[in-house]
There are 2 protein chains.
Amino acid sequence: MSQPLDIGIAGAGLAGSLLASLLAQDGHRVTVFERREDPRRSGFIGGRSINLALSTRGLEALTAIGLQEKIMKDVVPMRGRIMHDPDGRTSFHPYSVAPSDAINSVSRGELNIELLKAADEHENVTLHFEKPIVDVDFASGFIKVESTEGNEPESIKFDLIVGADGAYSTMRNAMQCYPQRAGFGFSQTFISHSYKELVIPPLSDGSHALDPNALHIWPRGASMMIALPNADGSFTCTLFWPREGQGTSFESLAAADDVTAYIGQIYPDAVNLMPTLEEDARNNPVSPLVMISCDHWYCGEHSVLLGDAAHAIVPFFGQGMNSAFQDCMVLREHLRTHDNNVRRAIVTFSEQQKPNGDAISKLSLDNFLIMRDRVSSRWFRLSQHVEKWLHRLMPSRVQPVYNLVSFTTTPYQEIVKRQARRRQSIKSLLAVLISLAALVIAFFIGTFT
Amino acid sequence: MSQPLDIGIAGAGLAGSLLASLLAQDGHRVTVFERREDPRRSGFIGGRSINLALSTRGLEALTAIGLQEKIMKDVVPMRGRIMHDPDGRTSFHPYSVAPSDAINSVSRGELNIELLKAADEHENVTLHFEKPIVDVDFASGFIKVESTEGNEPESIKFDLIVGADGAYSTMRNAMQCYPQRAGFGFSQTFISHSYKELVIPPLSDGSHALDPNALHIWPRGASMMIALPNADGSFTCTLFWPREGQGTSFESLAAADDVTAYIGQIYPDAVNLMPTLEEDARNNPVSPLVMISCDHWYCGEHSVLLGDAAHAIVPFFGQGMNSAFQDCMVLREHLRTHDNNVRRAIVTFSEQQKPNGDAISKLSLDNFLIMRDRVSSRWFRLSQHVEKWLHRLMPSRVQPVYNLVSFTTTPYQEIVKRQARRRQSIKSLLAVLISLAALVIAFFIGTFT
């Protein structure tokens, strides 16, 4: 049995706190450094959306640290999409033919607190709050953390340093600057759409104002709204709109005299359920949507990124947290496989997961187009019906992409490959059909002229 | 006449020191902050290649500050390419039909020193060395610079702050982190090739060992070498090779027993001219080639990037310095046009120059393929001959891309558009010819069957 490692984790968000427990289970000594206050003391203050969709990849990781049952008590399962058309009519579209397949709306704040409690129960885990990592020496494995007394930053040596510090990762930023010759290719891309959250509160009897067991979508081309149920009877609604522009945009909204009328003409059946619409729309921030991509996720001998820090994605597949949790599981697996040889583990981890990060990034952007436009198109629904019908006939051979992403732990990369193969098969089939038709026409022309 | 501005410039490299003179001419108070030592005192220590190709855009800027004549005294004009084939045979390919069109090999270090001297002659320019900008408050226009006494950083307020601090710009890095919602899309891409410099010294009589009035190229597919003449009779050779890999690569070179034999089998006619080949090849660094792209070049009310900081490009068109100098000229123009309204000037500057930065980035990468593969192909040479012939017939209507880039100040964006239009015309012509041919064939088939 190999020696346990000294492991430092940047960030005590969802991925960082989960990873602490996973690594502590293997006997490693884990220290977590977080910039924010302890949410167990201060209440959760996040810069990010307040509810998330927990699906199979995330659940697998929660099972690994024995937290699944506890978390699942407070989630709201969503078994499909309810589409709201401009006239207020709704239609339900299940995610899967299996009634047990659901994605689960969960509170980001409460989940984070439970993960921190779980990590803190390990005596080989130390959690530091209001103590961010400010720099890393990637060659030696020393990190610098802000000292609480306002003195010089403290230097601490670790065998393994994990950057789980989110889309605006300090650790990745340090990688980008160090050393210049390392050739760390990197991009951050902001899509044209941003988001703003609104609220549908519970009815007077505490129940949900809309069907709680679905993800609600108001697909309106470039100006989509979605709503996810919360366990307290409320819904969190999110506007995904262009930041600027003449049409529906946050810029136009800010200039509008009557905010309720402005939003009401787009989602007429929703605004009546939003008593605080006026102030929410005025006061809640407009937040950008960023995609992060790095050539590789490791740097030097000791350091590796995962989750949003390595591959922040747009939220349209509900896979940000789920993919980050899968990263944590895979990283642990590589440490085990390589007998705690850190360099080998982080390089092979990066080689395995980077293509999966790229794949879920692509799928998430694709799903934006599906949600905002194509779910309301007859042709898309028809093709979905065909796919579901084939799935019923050959459940293991034909699985819709949505199901592979949400209800299996199949590597994302594999899903994209299967999708490409399926599209290619359809194209080839069409080409054969068209060629046959052309031959038949040519035959008739030849015969009758 | 509007009030002169307080302007801070990050970086006293080529662009920063030129810009200081240009802005001082308009009466602005300019302060330059440079991380490195003063090269006038310490000798030039650059991280970058030691000679550059000065062409029309660069010369226009030097003329604007009255330095052209002085600099042109010490350059070596290159009127075309000399290709070295694997058997040691050479051929000369002029850049232009006009014998006066040449690109000029110039020493980076000496040019930088002359630019600093010129800036220092303005009493409204202050140069600080070993005093880098460490942070910028983009909202207020305050910068923080490292204090020489090792105390807290100093804060200084400027009306305009220009980041001319190179491909690994501190200022851009600050933009990237501030504020997260600004949506500053950014990418750094390292191409698979890196570079290493070698030397061909002067002959014993002080003359050049190869024809000095040309850029020498040893095109060998993925393992190209070039050589630029220096005024002292030497040549600086640059290997552009893949970093890693089984074939010719810096990785293979590092593992080679006999470095001279390794390089000699690729460029047999060059190695005999390199007495220090063994030690140069072992000791000179392998440097990466990075491309930088930013969604926009300004940030907040006061700050703007230019040159490599905004759009570092690969060196295969010799336009890095030339494009940076053009940026400086254009920025000054926008300050003049907008009557020193900083915000308006930096926004319109960015809107004008960002597409030009993208264009020269693309052209430079394209030229890599041309230099390493296509200059040695008969087809490419033929098409070049045709283009030159058309150029002779209609000199103003048909100008080769190389000439537009190197011997005019036409915006790069315009050049890319013209190139696309020319390709489209050829495609359309071909399509018409093919259709005609098809019609003729159909006619004959119809007639004879």
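Nothing here was measured: the structure is a model prediction, and the numbers come from that model.

S.K.: What am I meant to see in the state of the cysteines here?
M.R.: Two cysteines form a disulfide when their sulfur atoms are joined by a covalent bond. In this structure the tally under the stated criterion is zero disulfides over all chains. Cysteine Cys-294 of chain A remains unbridged, with the sulfur of Cys-299 of chain A as its closest cysteine sulfur at 11 Å.

S.K.: How should I be thinking about the packing of helix H6 (residues 170-177) of chain A against helix H6 (residues 170-177) of chain B in this particular structure?
M.R.: Helix-helix packing: each pair is described by the crossing angle between the helix axes and the interaxial distance. For the pair H6 of chain A and H6 of chain B, the least separation of the axes is 12 Å and the interaxial angle reads 160°. Considering their axes alone, H6 of chain A and H6 of chain B lie roughly antiparallel with respect to each other. You can see that H6 of chain A and H6 of chain B cross each other, and the crossing is right-handed. Side by side, H6 of chain A and H6 of chain B meet where Asn-173, Gln-176 and Cys-177 of chain A of the first sit next to Asn-173, Gln-176 and Cys-177 of chain B of the second. A class-by-class count of the residues in the contact of H6 of chain A with H6 of chain B yields two nonpolar, four polar and no charged.

S.K.: Help me understand the pattern of salt bridges in this model?
M.R.: If the charged atoms of two oppositely charged side chains come close together, the side chains can form a pair. Residue and element names in this part refer to chain A. One pass over the structure, following the stated rule, counts 30 salt bridges over all chains. Salt-bridge contacts for Arg-40 lead to Asp-120; the nearest nitrogen and oxygen are separated by 2.7 Å. Remark: Asp-120 occurs in helix H5 (residues 108-120) and Arg-40 occurs in helix H2 (residues 39-42); sequence separation between them is 80 residues. For Arg-40, a relative accessible area of 29% puts it in the partly exposed group. By relative accessible area, Asp-120 is classed as partly exposed at 37%.

S.K.: Got a minute to help me understand the domain arrangement of chain A in this structure?
M.R.: Put simply, an interface is often sized by how much accessible area is lost when its parts join up. Residues and elements named next belong to chain A. Looking at chain A, the domain boundaries give domain 1 (6-75 + 105-188 + 290-368), domain 2 (190-288) and domain 3 (411-449). Here domain 1 and domain 3 have C-alpha centroids that lie 45 Å from each other. In this complex, domain 1 contributes 12 residues to the contact, which on the side of domain 3 involves six residues. Put simply, domain 1 and domain 3 have zero salt bridges between them. Viewed at the interface, domain 3 and domain 1 are joined by three residue pairs in polar contact (both at pLDDT 80 or more). Where the side of domain 1 that touches domain 3 is concerned, the elements lending two or more residues are helix H12 (320-337) and helix H13 (342-372). With seven residues, H13 is the largest single contributor of residues to the side of domain 1 that touches domain 3.

S.K.: What exactly am I supposed to notice about the relation of the copies chain A and chain B here?
M.R.: Mapping between the two copies of the chain is achieved by a rotation about an axis and a shift along the axis. Overlaying chain A on chain B yields an RMSD of 0.2 Å, the required transformation being a rotation through 180° with an accompanying axial translation of 0.1 Å. Between the two chains, the operation in question is that of a two-fold axis. Residues of chain A ranked by C-alpha distance from the rotation axis are headed by Ser-187 of chain A, positioned 2.0 Å from it.

S.K.: It is not clear to me how the sheet that holds strand E7 (residues 103-107) of chain B should be interpreted in this structure. Could you clarify?
M.R.: Adjacent strands of a sheet form backbone hydrogen bonds with each other and so pair up, either parallel or antiparallel. Residues and elements named next belong to chain B. If you trace the three strands from one edge of the open sheet to the other, you get E3-E7-E4, paired in antiparallel fashion. Unpaired on one side and paired on the other, strand E3 (51-54) and strand E4 (76-78) mark the two borders of the sheet. Each adjacent strand pair in this sheet contributes to an overall mean axis angle of 35°, direction not counted. Sheet analysis places E4 next to E7, joined by three bridges and oriented antiparallel. Bridge pairing links Met-78 to Ile-103 in E7. The strands touched by helix H5 (residues 108-120) within the sheet are E3 and E7, with E7 carrying the most contacts at an inclination of about 80°.

S.K.: What is the right way to read the side chain of Asn-104 of chain A from this model?
M.R.: Residues and elements named next belong to chain A. Mapped onto the elements of the fold, Asn-104 is located in strand E7 (residues 103-107). Owing to a relative accessible area of 4%, Asn-104 belongs among the buried residues under this scheme. Aside from chain neighbours lying at most four places away, what touches Asn-104 is Leu-52, Ala-53, Leu-54, Leu-59, Met-72, Val-75, Val-76, Pro-77 and Met-78.

S.K.: Please clarify how the sheet that holds strand E18 (residues 298-299) of chain A should be interpreted in this entry.
M.R.: Residues and elements named next belong to chain A. The mixed open sheet is built from six strands, whose spatial order is E8-E2-E1-E12-E19-E18. Only two strands of the sheet have a single neighbouring strand rather than two, namely strand E8 (125-128) and E18. In this structure, strand E2 (residues 29-33) lies alongside E8, joined through four bridges in parallel fashion. Residue pairing in the sheet places Val-32 in a bridge with Leu-127 of E8.

S.K.: How should I be thinking about the pairing of strand E5 (residues 80-84) of chain B in this particular structure?
M.R.: The side chains of a regular strand alternate between the sheet's two faces. Residues and elements named next belong to chain B. Within E5, five of the five residues are buried, which leaves it mostly tucked inside the rest of the structure. Strand direction decides the pairing type here: E5 and strand E6 (residues 90-94), joined by five bridges, are antiparallel. Pairing of Met-83 across the sheet is with Ser-91, part of E6.

S.K.: Can you walk me through the packing of aromatic side chains in this structure?
M.R.: How two aromatic rings sit relative to each other is set out by the distance from centre to centre and by the angle between their planes. Residues and elements named next belong to chain B. Applying the stated rule across the entire model yields 21 aromatic pairs over all chains. An angle of 75° between the planes, with centres 6.1 Å apart, marks the rings of Phe-33 and Phe-158 as edge-to-face. With a gap of 125 residues between them, Phe-33 in strand E2 (residues 29-33) and Phe-158 in the loop between strand E11 (154-157) and strand E12 (160-163) connect regions that are remote in the sequence. Judged on exposure class, the residue Phe-33 and its partner Phe-158 are both buried. On the basis of an interplanar angle of 15° and a centroid distance of 4.2 Å, the ring pair of Phe-316 and Phe-368 is categorised as stacked.

S.K.: Would you mind going over the interface of chain A and chain B with me for this structure?
M.R.: Listed as interface residues are 15 residues of chain A and, on the opposing side, 15 residues of chain B. Between chain A and chain B, a total of about 1500 Å² is buried, with carbon and sulfur atoms accounting for 47% of that surface. The tally of links between chain A and chain B comes to zero salt bridges. Looking at the side of chain A that touches chain B element by element, the count peaks at four residues for strand E13 (residues 186-200) of chain A. In this sheet, strand E13 (residues 186-200) of chain B lies alongside E13 of chain A in antiparallel orientation, the contact comprising three bridges. Bridge pairing links Ser-187 of chain A to Ser-187 of chain B in E13 of chain B.

Criteria and thresholds
- Residue positions within a chain follow its written sequence, with the count starting from 1.
- Going through the entries in the order they are written, you letter the chains from A and number the ligands from 1.
- Only residues with pLDDT of at least 70 are given local features in this predicted model, and only at 80 or more are side-chain atom pairs given and counted; all residues enter the totals for whole chains, interfaces and linings.
- Side-chain measures were taken over the full set of non-hydrogen atoms in the model, leaving aside hydrogen atoms and water.
- Any pair of cysteine sulfurs within 2.5 Å is marked as a disulfide.
- Here an angle of 0 to 180 degrees is reported between the N-to-C directions of two axes, which are lines fitted to C-alpha atoms, with helices fitted over the stretch in contact.
- Working definition: helices are DSSP H or I runs of at least four residues, strands are E runs of at least two. Numbering for both runs from the N terminus.
- With respect to orientation, any angle under 35 degrees is reported as roughly parallel, any angle over 145 as roughly antiparallel, any angle of 65 to 115 as roughly perpendicular, and every other angle as oblique.
- The sense of a crossing depends on the near helix, which, turned anticlockwise from the far helix by less than a right angle, makes the crossing left-handed and, turned clockwise, makes it right-handed.
- It only takes one pair of heavy atoms within 4.5 Å for two residues to be counted as in contact.
- When residues are sorted by character, Ala, Val, Leu, Ile, Met, Phe, Trp, Tyr, Cys and Pro go into the nonpolar class, Asp, Glu, Lys and Arg into the charged class, and all the rest, Gly among them, into the polar class.
- Counted as salt bridges are all cases of a side-chain nitrogen of Lys or Arg within 4 Å of a carboxyl oxygen of Asp or Glu.
- Classification of residues uses two cut-offs on accessible area relative to the type maximum, computed with a 1.4 Å probe and protein chains only: under 20% is buried, over 50% is exposed, and between them is partly exposed.
- Reported domain spans reflect what an automatic or database domain assignment gives.
- Under the rule applied, a polar contact is a pair of N or O atoms within 3.5 Å (in protein, one hydrogen donor and one hydrogen acceptor; residues adjacent in sequence only if both atoms are side-chain atoms).
- Our superposition of the copies is a least-squares fit, built on the C-alpha atoms of residues whose pLDDT is at least 70 in both.
- Pairs of strands are assigned from DSSP output, requiring at least two bridges between the strands.
- By convention, a stacked pair of Phe, Tyr or Trp rings (six-membered ring in the case of Trp) has centres within 6.5 Å and planes under 30 degrees apart, an edge-to-face pair has planes over 60 apart, and any other such pair is tilted.
- In short, buried area is how much 1.4 Å probe accessible area vanishes from two parts on joining, totalled over both.

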